[in-house]
Amino acid sequence: MKTSVDGLEIGYDSTGEGRPVLFLHGWGVDRSTFKPVADRISDCCRVITVDLPGFGESEEPKKPFNTDDFADFTEHFIAALGLEKPILVGHSNGGKTALALAGRGYQNISKLILVSSTGIPAKHKPGFYIKRFFFKTGKKLLNAPVIGKPFSKIFDPSKYGSEDYKKASLMMKKTMSAVLAQDVSDRLKNISVPTLLFWGDKDTATPLSDAEKMKKLIPDAGLIVYKDCDHYAFLRKLPEFTAALRYFILN
């Protein structure tokens, strides 16, 4: 299905009937990530999965988005579909969007589910900051008069960054940088709806310690941990995840 939100063509799916449950995917994937989940729970609720701007079948944003821009989009998408008090589910960066929206006072959600969510600022070793300094300095030198052209023969910015960053378009590279730069962790204490966290204990993208911090900061939060699972624990433990999800949705 397609709809228009803030002048962008957006791809989404809706299946089932009843209480609406909106799923927000992580970086570098699309709404299809949640299809196995939707197939298992659409008999008890209405499942909506959406391609966030710049992913799947949705248009890229017209300007670089930060986390609040993605939260604005989510609020407007909920309004466009006329959803009343949906349950909001976010995986990874989708979780950061969901917690940012819930934590800034948005009232039109009934529950929150964070799955291996980003949102706790990462702690890096000194080497990370040294590499970042040289990368930023190198990019500036590329545009410098006189030395820019010869410097380009020894410095290639495309070799730097994560695989997700390297694969992204220029607009989405800028978006990724803006999202990573925005810290919304101070909003966790403001989340006023029942919240459930799902995590894998072997997650290296968002370590279990992040989940434990979130559980402490969110006033009404529970945490379910899956052993020997990574950043996609919800797919590795699909029957267990969907059973817990179903219970939380219906109760």
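No experiment lies behind these values; they were computed from the predicted model shown. (Residues numbered from 1 in each chain as written. Predicted model: local features only at pLDDT ≥ 70, side-chain atom pairs only at ≥ 80, totals over all residues. Heavy atoms only, no water.)

Chemist: What am I meant to see in the overall build of the protein chain here?
Modeler: For the protein chain, the helix and strand inventory stands at 10 helices and eight strands. Classification of the 251 residues of the protein chain by burial places 47% in the buried group. When contacts within the protein chain are restricted to residue pairs at least 6 apart in sequence, those whose partners lie at least 24 apart make up 73%. Carbon and sulfur atoms make up 55% of the accessible area of the protein chain, which totals about 12,600 Å². (Helix = DSSP H or I, 4+ residues; strand = E, 2+ residues; numbered from the N terminus. Buried < 20%, exposed > 50% of the residue type's maximum accessible area, 1.4 Å probe, protein only. Contact = heavy atoms within 4.5 Å. Areas by Shrake-Rupley, 256 points an atom, 1.4 Å probe, with all protein chains shown as cover.)

Chemist: So what exactly am I meant to see when it comes to the nonpolar core here?
Modeler: Where a protein is soluble and globular, its nonpolar side chains tend to be buried together. Within the largest apolar cluster, 45 residues are counted, with the highest numbers of intra-cluster contacts made by Val50, Phe77 and Met214. Apart from residues no more than four positions distant in its own chain, Met214 is found in contact with Leu99, Leu114, Ser117, Thr118, Gly119, Ile120, Leu188, Leu197 and Trp199. (Core = buried A, V, L, I, M, F, W, Y, C linked by side-chain atoms within 4.5 Å.)

Chemist: Would you mind showing me how to read the pattern of salt bridges here?
Modeler: When the charged atoms of two side chains with opposite charge come close together, those side chains can pair. Inspection of every chain in the model, using the stated rule, returns 14 salt bridges. Between Asp13 and Arg31 there is a salt bridge, and its shortest N-O distance comes to 2.9 Å. Here the residue Asp13 occupies a position in strand E2 (residues 8–15), and Arg31 occupies one in the loop between strand E3 (20–24) and helix H1 (35–41), the gap between them amounting to 18 residues. Linking Arg31 and Glu57 is a salt bridge whose minimum nitrogen-to-oxygen distance equals 3.0 Å. Taken together, the residues Arg31 in the loop between E3 and H1 and Glu57 in the loop between strand E4 (46–50) and helix H2 (67–81) connect sequence positions 26 residues apart. (Salt bridge = Lys/Arg side-chain N within 4 Å of Asp/Glu carboxyl O.)

Chemist: What is the right way to read the sheet that holds strand E5 (residues 87–91) from this model?
Modeler: Strand pairing within a sheet occurs via backbone hydrogen bonds; the two strands may be parallel or antiparallel. Across the sheet, which stays open at both edges, the eight strands sit in the order E1-E2-E4-E3-E5-E6-E7-E8 with mixed pairing between neighbours. Edge positions in the sheet fall to strand E1 (2–5) and strand E8 (221–226), since each has one partner strand and no second. Each neighbouring strand pair of the sheet contributes to a mean axis angle of 25 degrees, computed without reference to strand direction. Both E3 and E4 contribute to a ladder of five bridges, which runs parallel. The residue of E4 that forms the bridge with Val21 is Val47. Its contacts with the sheet place H2 against E1, E2, E3, E4 and E5, and it is angled at close to 125 degrees to E1. The strands touched by helix H3 (residues 93–102) are E3, E5 and strand E6 (111–115); relative to E5, the strand with the most contacts, the crossing angle is about 140 degrees. (Pairing = 2+ DSSP bridges. Axes fitted to C-alpha atoms, helices over the stretch in contact; angles between N-to-C directions.)

Chemist: Can you walk me through the packing of H2 against H3 in this structure?
Modeler: The relative placement of two packed helices is expressed as an angle between their axes plus a distance between the axes. Viewed as axis vectors pointing N to C, H2 and H3 meet at an angle of 75 degrees, and their least axial separation amounts to 8 Å. It follows that H2 is roughly perpendicular to H3 by the angle criterion. The segment H2 lies against H3, with Thr67, Phe70, Ala71, Thr74 and Glu75 engaging Lys96, Thr97, Ala100 and Leu101. Residue composition of the contact of H2 with H3, grouped by class: four nonpolar, three polar and two charged. (Parallel < 35°, antiparallel > 145°, perpendicular 65-115°, else oblique. Nonpolar A, V, L, I, M, F, W, Y, C, P; charged D, E, K, R; others polar.)

Chemist: How should I be thinking about helix H7 (residues 170–181) in this particular structure?
Modeler: Note: α-helices contain 3.6 residues per turn, so residues at a spacing of three or four share the same orientation. An ideal rise of 1.5 Å per residue puts 16 Å on 12 residues; H7 measures up with 17 Å between its terminal C-alpha atoms. All of the buried residues along H7 are Met171, Met172, Lys173, Thr175, Met176 and Val179. Buried residues along H7 sit against H2, H3 and helix H6 (163–167). (Expected span 1.5 Å × (residues − 1).)

Chemist: I keep staring at the environment of Arg236 and nothing clicks. Help me out?
Modeler: Examined against the element boundaries, Arg236 turns out to sit in helix H9 (residues 233–236). Through-space distance from the C-alpha of Arg236 to that of Gly200 is 9.3 Å; in sequence the pair is 36 residues apart. Leave out the neighbours within four places in its chain, and Arg236 touches Cys229 and Asp230. Polar side-chain contacts of Arg236 include one of 3.0 Å to the side chain of Asp230. (Polar contact = N/O pair within 3.5 Å; in protein donor to acceptor, adjacent residues only side chain to side chain.)

Chemist: Is there a simple way to explain the environment of Thr74 in this structure?
Modeler: By secondary structure assignment, the location of Thr74 is in helix H2. Taking the C-alpha atoms as reference points, Thr74 and Pro53, 21 residues apart in sequence, are found 10.0 Å from one another. Aside from chain neighbours lying at most four places away, what touches Thr74 is Leu22, Leu24, Leu88, Thr97 and Leu101.

Chemist: What exactly am I supposed to notice about the pairing of E3 here?
Modeler: For a regular strand, side chains alternate in direction, first toward one face of the sheet and then toward the other. With five of five residues buried, E3 is to be regarded as a mostly interior element. Residues Pro20, Leu22 and Leu24 point to one face of E3 and Val21 and Phe23 to the other, with burial holding for every one of them. Handedness of the E3-H1-E4 crossover: right-handed. One ladder, built from four bridges, connects E3 with E5; its direction is parallel. (Right-handed = clockwise from strand over helix to strand, strands pointing away.)

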